[in-house]
Amino acid sequence: MGKRFDRAYMAVIRVIRLAWERAKSGILSATHRFVPRKGKGPSMSAENENSENGDVETREDGAVATDTDLLVDLYREMVLIRAFEEACQRGFRQGKIGGYLHVYTGQEAVATGFIQAFKEGDKVITAYRDHAHALLLGSDPNEVMAELYGRGTGIVKGKGGSMHLFDVERGLMGGYGIVGGHIPLGVGLAYAMRYHETDNICQLYLGDGAISTGAFHESANLAGLWGKDGMCPCLFIVENNQYGMGTSVERTTAMTDLAAKFNAYGIENEKVDGMDLEAVIECAERVAEQVRESGRPYAVEALTYRTAPHGAADFFEKYRTKEEIEEWRQRDPIGLLEKKLLENGAIDEDKVEEIRGEAKERINEAVKFADESEQPPIEELYTDVYAGADEYMGEDSPESSDGRAHAEAAEEEAEASTEEEEPAENGQAQEAEEEEEEEE
Amino acid sequence: MPEVIMPKMGDAMEEGTLVKWLKSEGDEVSEGDAIAEIETDKVTLELEAENAGTLAQLIADEGQDIPVGEAIAFIQGEGEEVPERDGKAQESEEAEGAEEEGGDGQAQAATATEAPEEAAEEEPTTDGRADGRFRASPIVRRLAQENDLDLSKIEGTGPAGRIVERDVRAAMERGDAQADGQQAAEAPEAAPEPAPAAAAPAPTGAPGTEIKEMPRMQRVIAERMTQAKQQIPHFYATVEVEMNELMALRKQLNEQLEEQGIKLSINDFVMKACAVALKEYPNLNSLWTSEGIELHEQVDLAMAVALEAGLITPVIRDAANKTLSAISAASKDLAKRAREGGLKPEEYQGGTFTVSNMGMFGVESFAAIINPPQAAIVGVSSIMQRAIFKDEEVVPVSLMKLTLSADHRIANGAEGAQYMAEVKRLLEHPMTLVV
Amino acid sequence: MAETKTYREALREAMVMEMDRDENVVLMGEDIGVYGGTHLITDGLIDQYGLKRVIDTPISELGFTGAAAGMAMMGMRPIVEMMTWNFSFLATDQIIQNAAKVRYFSGGQVKVPMVIRGPNGGGVQLSAQHTHSMENLYGHYPGLKVVAPVTPNDVKGLMLTAVRDDNCVIFLEAGALYGTKGEVEEGDNAIPFGKARIAREGSDVTLVAYGRQVNLCLRAADTLAEEEGVDAEVIDLRSIRPFDEDTIVESVEKTHRAVAVQEQWRWFGVASEVAAIIQDRAFDYLDAPVERVSGAEVPAPYARNLELAAFPSEQQVANAARRVLYMEEK
């Protein structure tokens with residue numbers, strides 16, 4: 001039993017509990033869980049930690065005693081992810097990063113915990129908030145940052161940007177830009193793994209917003225169905241960060257228990273406190289193993305919170321209060337873990353500084369690499385459209401007059417834009433730095 | 001209806017500015033009346049009407065830059081109604097109008113009421129006919145160009161009088177659509193500007209005459225030579241070269257080279273000399289282009305070869321840096337294949353300077369026409385035995401005349417003269433060409 | 001060696017050949033297994049290949065098409081049946097946003113070797129929601145390949161190529177012609193994409209079509225020969241993307257006149273593309289503007305007479321040919 005709960009922590013717990021209680025009311029009260037839960041007694045699992053009685057106080061009992069060295073390593077990774085995302089926000093403000101930018105700040109414990117259960121040959125597929133997944137799977141931060149900077153050295157050669165990180169060799173089957181659109185793919189990946197008679201699984205990350213798409217329901221239905229024959233080792237990880245862009249879960253679905261949605265498709269499910277890394281790890285390792293063995297899908301709703309804005313263009317955050325953000329910040333997954341590690345003496349303040357310094361240094365290197373890398377060669381415009389030796393280029397091949405026109409226009413535009421940007425950049429960079437200081 | 005075009009008033013003139021209209025649309029003009037003020041890069045002057053009539057349409061605006069040759073107005077002659085062809089189009093459209101859809105009907109109405117205007121808006125004819133406005137399908141235009149047909153003589157049977165392929169095929173079978181200057185005869189004053197291909201009189205049809213159809217190659221040559229002689233201000237420079245030493249050297253070399261199967265001709269020496277001498281006179285090794293004079297470092301020497309069907313100029317690449325024997329071998333090979341019709345386009349295109357040799361025909365001298373867009377050509381005549389004075393004595397020498405024809409837009413006379421002096425010097429000191 | 005087979009048999013034969021050759025080939029779709037397939041293309045295959053390779057899916061085109069794309073990303077080669085292509089609108093997000101593009105936005109790290117097949121077009125009184133021709137829709141997207149075979153031999157040969165292709169292939173079958181017979185080459189007759197077929201040689205006018213309209217053009221060509229002494233050439237495009245420009249251009253250089261025929265609506269259609277290519281590459285050979293014959297600009301009606309009026313007819317094609325030949329219409 002923990003000795004201390006600070007007030008903010010308790011406030012957050014109340015938010016979570018409130019959400020669940022709402023979810024349990026009405027329809028849900030008449031619904032029974034499709035899957036009988038294992039372990040009726042006092043559970044060691046995170047599942048019950050967040051179970052219907054909302055008895056969060058069992059959490060500390062329930063938390064598995066994860067190896068301390070491992071926790072320090074994971075703390076280091078989370079700090080690195082945070083630093084990476086902050087650098088992205090800076091880069092965006094400086095005009096170095098284009099398009100959309102969605103950062104993972106506040107949600108780090110979810111992917112960090114689940115990827116602990118990742119085994120070689122497994123696959124990870126997610127939506128567009130995908131930087132952390134790539135970094136955790138071992139992708140080179142340089143290449144990830146270069147991708148965001150639109151460079152030829154980027155992890156997908158500057159063709160996808162922030163939303164489309166792929167590192168197939170390491171198991172990352174992509175970030176996808178259409179909410180819910182990647183879920184059918186993930187189910188297919190899982191089928192193929194079983195079809196090829198491996199014991200690999202697919203970790204399929206989706207957000208609370210995706211739960212309302214048709215793609216989710218069709219895919220969950222297929223997964224449940226194929227799972228009956230042990231042909232769908234798919235671990236659904238619902239990263240419920242409370243908001244689909246700026247609309248809260250309560251405002252998008254009447255039945256807010258997202259885990260329970262899976263009951264309709266015969267998929268076992270549970271919730272986990274997505275801010276508590278140890279709870280996530282415990283859950284992840286247990287359910288991943290189950291999916292691996294059974295070939296049946298499983299769903300975990302990880303309750304978390306995006307403390308950063310939705311995207312770089314989410315300026316006003318009218319949909320939530322500063323107080324709410326502040327409350328969740330008190331339960332920041334990195335802060336929580338740091339506190340714990342300090343308390344149990346695994347690290348000291350100096351070590352914290354050292355880890356932060358290392359992360360900053362590593363990310364600075366990535367930024368430098370990205371900044372100094374060349375833009376993709378213009379010939380890349382026409383590659384990777386089709387697979388195969390007889391790659392068909394369409395009418396717009398570089399050899400055609402149209403194709404040349406495109407390429408030339410692109411070059412001119414690129415030149416023009418760099419010219420324009422030069423003076424503005426400095427000003428922006430300065431501003432950005434000032435902002436950073438204010439934030440700190 | 002005659003067009004008033006932007007005249008070319010200087011060699012380098014590509015466009016002129018219409019400063020001011022001196023007449024208004026609808027004004028009657030007499031021949032010689034000033035109708036507009038035109039400005040070139042050098043002068044401002046008045047443009048005079050070349051025809052009498054009504055100023056039917058002012059196409060160009062004041063202050064507008066207009067490329068040379070483009071219409072700026074039309075003059076409607078007395079009694080000239082809207083052009084005949086438009087009338088025809090109108091008729092057939094009326095006949096078909098009932099069957100056609102509403103959209104087309106509207107278009108026809110517009111055609112009927114605004115015929116003069118529409119006619120004027122159509123592209124000016126590009127094939128030299130004063131009145132070339134007609135509807136013809138793309139394949140028809142292509143056939144006309146390839147077969148030198150005058151489409152104005154062909155009646156179109158397609159919609160709105162469009163000339164279609166079957167009309168052309170029929171006309172070709174009948175043989176009555178050749179472009180032969182008939183147009184000019186019909187409207188003598190209708191071609192104010194110098195026509196690119198000068199109008200020729202109709203055949204006399206006298207007994208004992210026959211019409212020889214020009215082979216395509218000859219037609220192209222005719223066109224290009226006409227163009228060259230009309231547009232390029234030629235100047236000429238002739239030198240007499242003493243050939244004794246060269247002939248002696250050639251004899252000696254050929255004896256030694258016989259085993260290798262090499263036989264150098266006089267012309268090989270001349271070509272080598274012409275090419276080498278160009279190093280100092282880059283203007284003469286150049287092309288007249290739309291952007292200006294394109295100087296070439298490398299001498300790609302074209303040699304004129306007479307063929308049965310005409311003339312062709314295969315090219316010896318980088319002739320200045322080739323040895324005599326290489327030039328000799330190349331020229332023999334190219335000439336042989338030229339006569340057999342076995343040259344590839346890249347072998348007869350892209351020359352930068354031409355040598356034309358008529359030495360084998362016993363000509364004393366001749367001046368060649370420049371092969372555009374090149375800057376110059378050298379005509380090689382026969383070697384003649386002449387008695388000349390040398391140190392107060394009469395001695396027999398072998399003399400050959402070389403005549404340079406050069407483009408005065410590119411090079412001036414002194415340059416040409418100096419160049420020819422250098423060629424002469426090289427040929428008279430032939431060892432310099434060998435080593 | 002060739003044998004007379006139906007379109008259906010030839011199609012099935014190609015899929016069976018590929019399933020035997022490559023274990024990664026699986027079939028997916030609604031009612032393709034136990035039921036035997038709405039069009040009986042896959043009848044009996046579930047017994048032959050089992051549940052894992054012949055997958056009956058729920059009615060969720062988006063879900064199973066996307067899942068098939070996921071399988072393909074893992075190296076499987078699914079052949080997805082759209083019971084009719086009309087249902088593919090539900091799956092367009094997966095086809096266009098994922099299958100067509102993922103190779104590009106992954107920087108070439110994945111490929112999506114899958115085939116989506118099914119009956120396309122109308123003609124059997126299915127009215128508005130069940131009558132569409134999809135060539136221009138799918139032909140628009142880089143990353144997809146689109147074919148529309150009309151003969152039994154082509155349906156087999158193009159299916160073999162489609163299954164072996166490393167990209168997402170949109171395989172548009174002439175649904176009204178499943179029962180038609182034709183000579184089919186024995187064995188492996190894989191036909192490359194992007195090669196049109198001269199269905200009838202001629203010298204006076206070029207009729208360009210694909211799918212069911214090829215047969216229409218062939219009939220119109222016969223009529224033109226009988227009534228006008230006109231020798232029409234008929235080109236069966238077969239492949240919409242990649243597109244065989246050369247065959248069309250060569251034909252028009254010979255005939256100087258062209259008519260493009262399509263069942264789909266006129267605007268933004270394949271026929272417009274044909275016309276554009278001809279004016280682009282064979283302009284100087286044209287003797288008349290290129291004509292298009294297309295479906296009526298209405299949702300497909302039910303009543304037989306209205307439906308017939310909504311699709312291109314033999315007479316329309318023949319008259320379009322007469323127009324480009326400057327002959328009187330009949």
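This one's a predicted model, so the numbers in the text were calculated from it and none came from an experiment.

1. Topic: the overall build of chain B
Looking only at helices and strands, chain B features 13 helices and 18 strands. Considering chain B as a whole, with its 435 residues, one finds that 32% of them fall into the buried category. Restricting to contacts in chain B with at least 6 residues of sequence separation, those with at least 24 account for 62%.

2. Overview of the overall build of chain C
A tally of helices and strands in chain C yields twelve helices and 14 strands. Here the analysis covers contacts within chain C between residues at least 6 apart in sequence; of these, 78% occur between residues at least 24 apart.

3. Here we look at the interface of chain B and chain C
With nine residues of chain B at the contact, the number on the chain C side is eight residues. The biggest single contributor to the side of chain B that touches chain C is helix α4 (residues 138–147) of chain B, with four residues. Each residue belonging to the side of chain B that touches chain C can be placed in one class, and the counts come to four nonpolar, three polar and two charged.

4. A few points about the interface of chain C and chain A
On the side of chain A, 36 residues touch chain C, which itself brings 36 residues to the contact. Broken down by secondary-structure element, the contributors of at least two residues to the side of chain C that touches chain A are α3 (61–73), α4 (92–99) and α5 (102–105) of chain C. At ten residues, the largest contribution of residues to the side of chain C that touches chain A is made by α3(C). Taken together, the residues of the side of chain C that touches chain A break down into 16 nonpolar, 14 polar and six charged.

5. Quick look at the nonpolar core
Ranked by size, the top nonpolar core spans 224 residues in total, and within it Leu207(C) and Ala321(C) carry the most contacts. At twelve residues, helix α5 (residues 68–93) of chain A tops the list of elements feeding residues into this core. Once residues within four sequence positions are removed from consideration, Ala321(C) is found in contact with Val205(C), Leu207(C), Ala220(C), Leu224(C), Val230(C), Ala232(C) and Val259(C). Core analysis: the second largest hydrophobic core is formed by 55 residues, Ile232(B), Val270(B), Leu278(B) and Val355(B) among them.

6. With respect to helix α15 (residues 349–372) of chain A
With 24 residues, α15(A) should cover 34 Å at 1.5 Å per step; its first-to-last C-alpha distance of 34 Å lies within 8% of that length. Residues Ala359(A), Ile363(A), Ala366(A), Val367(A) and Ala370(A) constitute the buried set of α15(A).

7. Quick notes on the sheet that holds strand β7 (residues 65–67) of chain B
All names here are of chain B. Ordered by their spatial adjacency, four strands build an open sheet running β5-β4-β2-β7, and the pairing between neighbours is antiparallel. The strands lining the two open edges of the sheet, one partner per strand, are β5 (44–48) and β7. This sheet shows a mean twist of 40 degrees between the axes of neighbouring strands, independent of strand direction. Sheet analysis places strand β4 (residues 34–39) next to β5, joined by five bridges and oriented antiparallel. Of the residues in β5, the one forming a bridge with glutamate 39 is threonine 44.

8. Some points on the confidence of the model for chain B
Residue and element names in this part refer to chain B. With 80% of its residues at a pLDDT of 70 or more, chain B has an overall mean of 78. No element of chain B has a lower mean pLDDT than helix α1 (residues 84–97), at 37, and none a higher one than strand β15 (residues 315–316), at 94. Of the regions scoring below 50 in pLDDT, residues 82–132 engages in 57 contacts with residues more than four places distant in sequence or in other chains. When the criterion is pLDDT under 50, residues 181–198 qualifies, and its contacts beyond four places in sequence or with other chains add up to 29 contacts.

9. Topic: unusual backbone geometry
Pro373(B) follows Pro372(B) through a cis peptide bond whose omega is 5 degrees. Along the chain, Pro373(B) falls in the loop between β16 (353–357) and β17 (376–390). Geometrically, the link from Arg241(C) to Pro242(C) is a cis peptide bond, its omega value of 0 degrees lying close to zero. Its location among the elements puts Pro242(C) in the loop between β12 (239–241) and α9 (245–255). The phi torsion at Lys157(A) lies on the positive side, around 60 degrees, for a residue other than glycine. The topology assignment puts Lys157(A) in the loop between α8 (141–148) and β2 (172–175). Residue classification places Lys157(A) among the buried positions, given that 23 C-beta atoms sit within 10 Å. Phi at Leu40(C) takes a positive value of approximately 60 degrees, unusual for a residue other than glycine. Structurally, Leu40(C) can be placed in the loop between β2 (25–29) and α2 (45–49).

10. Regarding the pairing of strand β13 (residues 258–265) of chain C
The side chains of a regular strand alternate, first on one face of the sheet and then on the other. All names here are of chain C. Across the eight residues that make up β13, a large majority, seven, are buried. With four bridges connecting them, β13 and strand β14 (residues 291–295) associate as parallel partners. Residue valine 261 lies in a different strand from β14, and its bridge partner there is valine 293. Between β13 and its parallel partner β14, the chain crosses via helix α10 (residues 270–281), and the hand of that crossover is right-handed.

11. With respect to the environment of Asp43(C)
Residue and element names in this part refer to chain C. Take aspartate 43: it is sitting in the loop between β2 and α2. Given 15 C-beta atoms within a 10 Å radius, aspartate 43 is considered partly exposed. Considered as a pair, aspartate 43 and glycine 33 are ten residues apart in the sequence and their alpha carbons are 6.9 Å apart. Each residue touching aspartate 43, except ones within four places of it in the same chain, is listed here: Gly36 and Gly37.

12. Let's talk about the environment of Glu347(B)
All names here are of chain B. With respect to the helices and strands, glutamate 347 occurs in helix α11 (residues 345–348). Distance from glutamate 347 to valine 315, taken between C-alpha atoms, is 5.8 Å for residues 32 residues apart in sequence. Beyond its immediate stretch of four places on either side in the chain, glutamate 347 contacts Pro314, Val315 and Leu334.

13. Considerations on the sheet that holds strand β12 (residues 301–303) of chain B
Residue and element names in this part refer to chain B. With respect to topology, six strands assemble into an open sheet ordered β9-β18-β17-β16-β12-β15, the strand pairing being mixed. Across the chains shown, the open sheet's two edge strands, defined by having one partner strand only, are β9 (234–242) and β15. Bridge count between β16 and β17: four bridges; the pairing is parallel. From the neighbouring strand, valine 355 faces β17, where its bridge partner is valine 378.

14. Here's the deal with the packing of helix α9 (residues 266–277) of chain B against helix α10 (residues 324–340) of chain B
Residue and element names in this part refer to chain B. Their axes nearest at 9 Å, the elements α9 and α10 cross at an angle of 115 degrees. Note that α9 runs across α10; the crossing there is right-handed. Contact residues: α9 offers Asp268, Phe269, Met271 and Lys272, while α10 offers Leu324, Ile327, Ser328 and Ser331. A class-by-class count of the residues in the contact of α9 with α10 yields four nonpolar, two polar and two charged.

15. Considering the confidence of the model for chain C
Averaged over all residues, the pLDDT of chain C is 96; the fraction at 70 or higher stands at 100%. Our summary of model confidence lists the complex with pTM equal to 0.64 and ipTM equal to 0.93.

16. Remarks on the packing of α8(A) against α15(A)
The relative placement of two packed helices comes down to the angle between their axes together with the axis-to-axis distance. Residues and elements named next belong to chain A. The N-to-C vectors of α8 and α15 enclose an angle of 50 degrees; their axes lie 8 Å apart at closest approach. What the angle tells us is that α8 and α15 run oblique. For the pair α8 and α15, the crossing hand works out as right-handed. Contacts between α8 and α15 pair Pro141, Asn142, Met145, Ala146 and Leu148 from the former with Arg362, Ile363, Glu365, Ala366, Val367, Phe369 and Ala370 from the latter.

17. Observations concerning α9(B)
Residues and elements named next belong to chain B. A rise of 1.5 Å per residue sets the reference length of α9, with its twelve residues, at 16 Å; its end C-alpha atoms lie 17 Å apart and thus fit the reference within 8%. Within α9, ten of the twelve residues are buried, leaving the element largely enclosed by the surrounding structure. All buried positions along α9 are accounted for by Ile266, Asp268, Phe269, Val270, Met271, Lys272, Ala273, Cys274, Ala275 and Ala277.

18. Here we look at the environment of Glu270(A)
With respect to the helices and strands, Glu270(A) occurs in strand β7 (residues 268–273). A residue is classified by how many C-beta atoms lie within 10 Å of it, and Glu270(A), with 25 of them, is buried.

What counts and what doesn't
Residues numbered from 1 in each chain as written. Chains lettered and ligands numbered in written order. Predicted model: local features only at pLDDT ≥ 70, side-chain atom pairs only at ≥ 80, totals over all residues. Helix = DSSP H or I, 4+ residues; strand = E, 2+ residues; numbered from the N terminus. Buried ≥ 20, exposed ≤ 12 C-beta atoms within 10 Å, placed from the backbone. Contact = placed C-beta atoms within 7 Å. Nonpolar A, V, L, I, M, F, W, Y, C, P; charged D, E, K, R; others polar. Core = buried A, V, L, I, M, F, W, Y, C linked by C-beta atoms within 7 Å. Expected span 1.5 Å × (residues − 1). Pairing = 2+ DSSP bridges. Axes fitted to C-alpha atoms, helices over the stretch in contact; angles between N-to-C directions. pLDDT = per-residue confidence, 0-100. Right-handed = clockwise from strand over helix to strand, strands pointing away. Left-handed = near helix turned anticlockwise from the far one by under 90°. Parallel < 35°, antiparallel > 145°, perpendicular 65-115°, else oblique.

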